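A look at the structure
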Amino acid sequence: MLNNLKIISLVIILISGCNLNNWSSDEILLNPQLNLSESNIGKGKSVNLVVLDERREINFGYKPSFSGISGKMGAPIKTNQNIREVFSASLIQGFKQKGFNINLEDNSKTNSLRAEIRYIRYFSTVFNYTESVQIKAGLMTYCTDVNGSLNYEKYFREEKYFPELWAALSEKENEKNFNDMISKLLEQVFKDQELLHCLAN
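The shown structure was predicted, so the numbers you read here are calculated from the model rather than taken from an experiment.

Some details on unusual backbone geometry
Most peptide bonds take the trans configuration, and most residues that are not glycine carry a negative phi. Within the chain, Lys43 stands out as a residue other than glycine whose phi angle is a positive 50°. Look at Lys43 and you get exposed, because its relative accessible area is 71%.

Here is the structure:
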């Protein structure tokens with residue numbers, strides 16, 4: 001009987017903690033860290049870089065309310081940063097490691113990369129007082145030559161899934177997960193040899 005009371009008490013504490021945490025918004029600080037090997041595939045070539053934030057949703061998503069009301073959402077998960085600038089800084093760093101010189105101003109005399117941030121999203125579902133979380137991001141890229149002709153395009157996607165969580169993820173945990181995911185998304189760009197060769201030629 002005593003053990004049953006302890007279990008019930010623990011469940012109540014966990015649920016209460018989830019509810020409190022889920023009504024407080026998370027302010028995520030994005031600081032992607034790319035794990036890239038250096039190379040000279042760019043051979044010092046100048047490339048125009050244009051990064052656009054094409055997301056339809058400003059917030060990454062919403063925490064579940066744990067209220068039992070269908071469709072009811074908790075607090076938002078968001079950032080106050082300029083997402084375009086965050087991605088630009090990471091892409092510039094990565095291209096420098098691959099031997100490219102990056103122009104942020106339009107220059108028709110060289111190849112260009114257009115990168116469109118399509119989505120950065122957080123989804124959660126609640127079942128039997130456990131939460132499952134999925135985060136995902138998408139980046140569309142276009143490589144064009146000096147004449148503006150499209151030579152290569154690639155849609156990069158990355159996601160992480162966390163099933164059956166007994167307690168809501170903290171702001172610190174969400175921040176780490178988003179940064180890990182976005183870092184892996186951007187690393188895909190620099191592992192795509194066709195894209196790198198398109199920019200270098």
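Describing the pattern of salt bridges
Considering all chains together, one arrives at eight salt bridges under this definition. One salt bridge connects Glu27 with Lys78, and the closest N-O pair in it is separated by 3.7 Å. Highlighted residues: Glu27 in strand S1 (residues 26-27) and Lys78 in strand S4 (residues 73-78), separated in sequence by 51 residues. With a relative accessible area of 32%, Glu27 lands in the partly exposed category.

Comments concerning helix H3 (residues 171-191)
Between its terminal C-alpha atoms H3 stretches 30 Å, which fits the 30 Å expected from 21 residues at 1.5 Å a residue. Residues of H3 that are buried include every one of Asn174, Asn177, Phe178, Asn179, Met181, Ile182, Ser183, Leu185, Leu186, Glu187, Val189 and Phe190, and no others.

Some details on the environment of Asn103
By the element assignment, Asn103 lies in strand S5 (residues 101-103). The spatial distance from the C-alpha of Asn103 to the C-alpha of Ser46 is 6.8 Å, given a sequence separation of 57 residues. The contact partners of Asn103, leaving out residues within four places of it in the chain, are Ser46, Val47, Asn48, Leu49 and Thr110. Here the side chain of Asn103 touches Asn48 through a polar contact of 3.4 Å, side chain to side chain.

A closer look at the state of the cysteines
On inspection of all chains with the given rule, the structure shows one disulfide. Residue Cys143 pairs covalently with Cys198 via a disulfide, S to S 2.1 Å. Because the torsion about its S-S bond is -95°, the bridge between Cys143 and Cys198 counts as left-handed. Highlighted residues: Cys143 in strand S7 (residues 130-144) and Cys198 in helix H4 (residues 193-200), separated in sequence by 55 residues. Take Cys143: its relative accessible area is 0%, and that puts it in the buried class.

Considerations on the nonpolar core
Core analysis: the biggest nonpolar cluster contains 45 residues, and Phe60, Phe87, Leu91, Phe95, Phe100, Ile120 and Phe178 have the highest contact counts within it. Broken down by secondary-structure element, the contributors of at least two residues to this core are strand S2 (46-53), helix H2 (83-97), strand S6 (112-127), S7, strand S8 (150-165), H3 and H4. Tallying contributions element by element places H3 first for this core, with seven residues. Those residues in contact with Phe178, other than ones at most four positions away along the chain, are Ile28, Leu30, Phe60, Ile77, Ile120, Arg121, Tyr122 and Ile135.

Things to note about H2
With 15 residues, H2 should reach 21 Å at 1.5 Å per residue; the first-to-last C-alpha distance of 22 Å fits that figure. Listing the buried residues of H2 in full gives Ile83, Val86, Phe87, Ser88, Ser90, Leu91, Ile92, Gly94, Phe95 and Gln97. Here H2 starts with a cap whose side-chain oxygen sits 3.0 Å from the backbone nitrogen of Arg84, and that cap is Asn82. Positioned one or two residues after H2, Gly99 has a phi angle of 90°, which is positive.

How each quantity is defined
- Here the residue index of a chain counts from 1 through its sequence in written order.
- The predicted nature of this model means local features are confined to residues of pLDDT at least 70 and side-chain atom pairs, given and counted, to a pLDDT of 80 or more, with totals for whole chains, interfaces and linings taken over all residues.
- Hydrogens and water are ignored here; the side-chain numbers use all heavy atoms of the structure.
- Here's how the labels work: a residue is buried when its accessible area is under 20% of the maximum for its type, exposed when over 50%, partly exposed in between, all with a 1.4 Å probe on protein chains only.
- Criterion for a salt bridge: a side-chain nitrogen of Lys or Arg within 4 Å of a carboxyl oxygen of Asp or Glu.
- Strands are runs of DSSP state E lasting at least 2 residues, helices are runs of H or I lasting at least 4, and numbering of each runs from the N terminus.
- What a helix should span is 1.5 Å times the count of its residues minus one.
- Residues count as neighbours in contact if any of their non-hydrogen atoms are within 4.5 Å of one another.
- For this analysis, a polar contact is any N or O atom pair within 3.5 Å, provided that within protein one partner can donate a hydrogen and the other can accept it, and provided that sequence-adjacent residues contribute only side-chain to side-chain pairs.
- Disulfides are defined as pairs of cysteine sulfur atoms found within 2.5 Å of each other.
- Among buried residues, those of type Ala, Val, Leu, Ile, Met, Phe, Trp, Tyr and Cys that are joined through side-chain atoms within 4.5 Å constitute a nonpolar core.

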